[in-house]
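# Coordinates in review
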Amino acid sequence: MTRPVFAVVGASIGYWIAVVVALLSWGIVVGSAETGADRRLAASLGEQVAILAQAPVLDGNRPALSHLLARMTGVPVIEGMWIYGVDGEALATAGTLTGDDVLVFPVVNEANVAAYLRVAIADRAGAGPGMRALAATFVIWPIGWIAVVLGVYLLARRRRPTTTSVVRVAAVDATQETTDRHPASTPVPSVGRPEPPRRDLVRLIVRSSDENLATIGAALASTYSARLERINAEEIRLDFAIGDDDVFEAVCAGLLMRRLINAEYRGVVHVGPSNDAELVCGLAEADTLLLTNAGRRTLNAPDRAELEPLDHPAIATLDEKLNPCSRIVDAAASHRPLLDRQAARLERGGAEA
């Protein structure tokens, strides 16, 4: 009897060793493949960000760089990004740079390095599929054996007398009668805290007959990391990422659009649904750029833009999100040189194209 027992024990130990080695090897292979895929994805995103960061780096537009990096760090494989100049000064940061794997990309302008981009690759959290399968094996097998033993015990157990079942049914009936006489009070559902309202996107809508409207809109979307939507041949919409300076960026984009367009235009900056912005844009007069009441209330540091009150009978009948509207005259004197440089660069880019 001793030799068969030892043989069974040895076979069980060998089986478990083989299972553990196979699952651990599987986890190592899958983990290496996932790490390589994360690195390739991070490298591709880093190259795209380095290209998109060229214009904001040359213009010194740090808010646009911050928004660009903040949007990219939302990707799970990216732990942090950091753009710094050739002199080592940090221009924009997002996330953290504590990862062990960091990639570096140059931000090039006309064959000259203007800045550098560092990308920290996030480590995958949690156990891999091999470790999860190994843990499941150690957990499921004992539970399975316990279920088998319990099933055999229940099947082999002798049936109790019928009187016991009768007494049990009577007890159940008595309990049910007591419950019917004294029903329990219905619990009042707990009222949770209401979720905070989500802020709407900042939208710039421009209508013009200029044939280069879509091209100018694409250049501005690249400059301010906005999303461009072409409604039709004479209308475009720019949606800006939510941040501290998103309304001011939309105002600057509208002012640049006004400088570059060579035809009659109408534009509006609004924080809220696009149909409200389209309504105000349709009511605006020719060659006018408007800012709705919701946009003005969200504007951080209003002194950076020159605004004039607007007296419009139709707009005065709208709700408080849109009325009163303001006419955007220009940026503050301290910000006009930046707009001049951006307009000159966009004009050069259009001429080259």
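Only a predicted model underlies this, so the values are computations on that prediction, with no experimental measurement involved.

It is characteristic of soluble globular proteins that their nonpolar side chains tend to be buried jointly. Core analysis: the largest hydrophobic core is formed by 36 residues, its most contacted members being Leu204, Leu220, Phe240 and Met257. Residue assignment for this core shows that the elements contributing at least two residues are β5 (202-208), α6 (213-224), β7 (235-240), α7 (246-260), β8 (265-271), β9 (288-291), β11 (326-331) and α10 (336-352). Among the elements that make up this core, the one with the highest residue count is α7 (10 residues). In contact with Phe240, other than residues within four places in its own chain, are Leu201, Val202, Leu204, Tyr224, Ala226, Asp246, Glu249, Ala250 and Ala253. Grouped together as the second largest cluster of nonpolar side chains are 24 residues, Ala53, Ile83, Val107 and Ala115 included.

Turning next to the confidence of the model for the protein chain. Averaged over every residue, the pLDDT of the protein chain is 80; residues scoring 70 or more account for 79%. In this model residues 162-172 is a low-confidence stretch, pLDDT under 50, and it forms 0 contacts with partners more than four residues away in sequence or in other chains. Here residues 184-190 is a poorly scored stretch, pLDDT under 50, and it has 0 contacts once near neighbours within four places are set aside; other chains count.

Moving on: unusual backbone geometry. In terms of backbone geometry, most residues other than glycine have negative phi values and most peptide bonds are trans. Put simply, Asn323 and Pro324 share a cis peptide bond, and its omega is 5°. Non-glycine residue Ser225 carries a positive phi angle of around 55°. You can see Ser225 is positioned in the loop between α6 and β6 (227-232).

This next bit is on helix α8 (residues 274-283). Restricting attention to buried positions, one finds in α8 the residues Ser274, Asp276, Ala277, Val280 and Cys281. An end-on view of α8 places all buried positions within 155° of arc, on one side of the element. Those residues of α8 that are buried are in contact with β5, β7, β8 and β9.

This part is about the pattern of salt bridges. Scanning the model with the defined rule gives 14 salt bridges in all. Measuring nitrogen to oxygen at the nearest pair gives 2.5 Å for the salt bridge that ties Asp340 to Arg259. With Asp340 in helix α10 and Arg259 in helix α7, the pair connects residues that are 81 residues apart, well separated along the chain. With a shortest N-O distance of 3.3 Å, Glu264 and Arg266 are connected by a salt bridge. The exposure class assigned to Arg266 is partly exposed, which follows from its relative accessible area of 26%. Ionic contacts of the salt-bridge type, sharing partners, join the residues Arg203, Arg227, Glu229, Arg237 and Asp239 into one network.

Across the sheet, which stays open at both edges, the 4 strands sit in the order β2-β1-β4-β3 with antiparallel pairing between neighbours. Each edge of the sheet is formed by a strand with only one pairing partner; in this case those strands are β2 (90-95) and β3 (101-109). Strand-to-strand twist of the sheet, defined as the mean angle between neighbouring strand axes without regard to direction, takes the value 15°. Bridging between strand β1 (residues 78-85) and β2 involves 5 bridges; their strand directions are antiparallel. Within β2, the position partnered with Ile83 by the bridge is Ala92. Packed onto the sheet, helix α3 (residues 62-72) meets β1, β2 and β4 (112-121) and runs at close to 25° relative to β2.

Strand order in this open sheet of 7 strands is β6-β7-β5-β8-β9-β11-β10, and the pairing throughout is mixed. Where the open sheet ends on each side, the last strands, each with one partner, are β6 and β10 (305-309). Taken pair by pair, the neighbouring strands of this sheet meet at an average axis angle of 25°, ignoring direction. Two elements, β5 and β8, share 7 bridges in a ladder whose sense is antiparallel. Paired with Val202 across the strands is Val271, a residue of β8. Taken strand by strand, α6 contacts β5, β6 and β7, and its axis lies near 5° from that of β7.

For the rest of this paragraph, the subject is the side chain of Arg345. One can find Arg345 in helix α10. Engagement of the side chain of Arg345 in a polar contact is seen with the side chain of Thr223, the distance being 3.1 Å. Excluding residues that lie within four positions of it along the chain, Arg345 makes contacts with Ala55, Asp59 and Thr223.

Between α6 and α7, the shortest axis-to-axis distance is 10 Å and the interhelical angle comes to 145°. Here α6 runs over α7; the crossing is right-handed. Across the interface between the two elements, Leu213, Ile216, Gly217, Leu220 and Tyr224 of α6 pack against Glu249, Cys252, Ala253, Leu256, Met257 and Leu260 of α7. Its residues placed into classes, the contact of α6 with α7 shows 9 nonpolar, 1 polar and 1 charged.

Reading the values: rules and limits
Residues numbered from 1 in each chain as written. Predicted model: local features only at pLDDT ≥ 70, side-chain atom pairs only at ≥ 80, totals over all residues. Heavy atoms only, no water. Core = buried A, V, L, I, M, F, W, Y, C linked by side-chain atoms within 4.5 Å. Buried < 20%, exposed > 50% of the residue type's maximum accessible area, 1.4 Å probe, protein only. Helix = DSSP H or I, 4+ residues; strand = E, 2+ residues; numbered from the N terminus. Contact = heavy atoms within 4.5 Å. pLDDT = per-residue confidence, 0-100. Arc of directions from axis to C-beta. Salt bridge = Lys/Arg side-chain N within 4 Å of Asp/Glu carboxyl O. Pairing = 2+ DSSP bridges. Axes fitted to C-alpha atoms, helices over the stretch in contact; angles between N-to-C directions. Polar contact = N/O pair within 3.5 Å; in protein donor to acceptor, adjacent residues only side chain to side chain. Left-handed = near helix turned anticlockwise from the far one by under 90°. Nonpolar A, V, L, I, M, F, W, Y, C, P; charged D, E, K, R; others polar.

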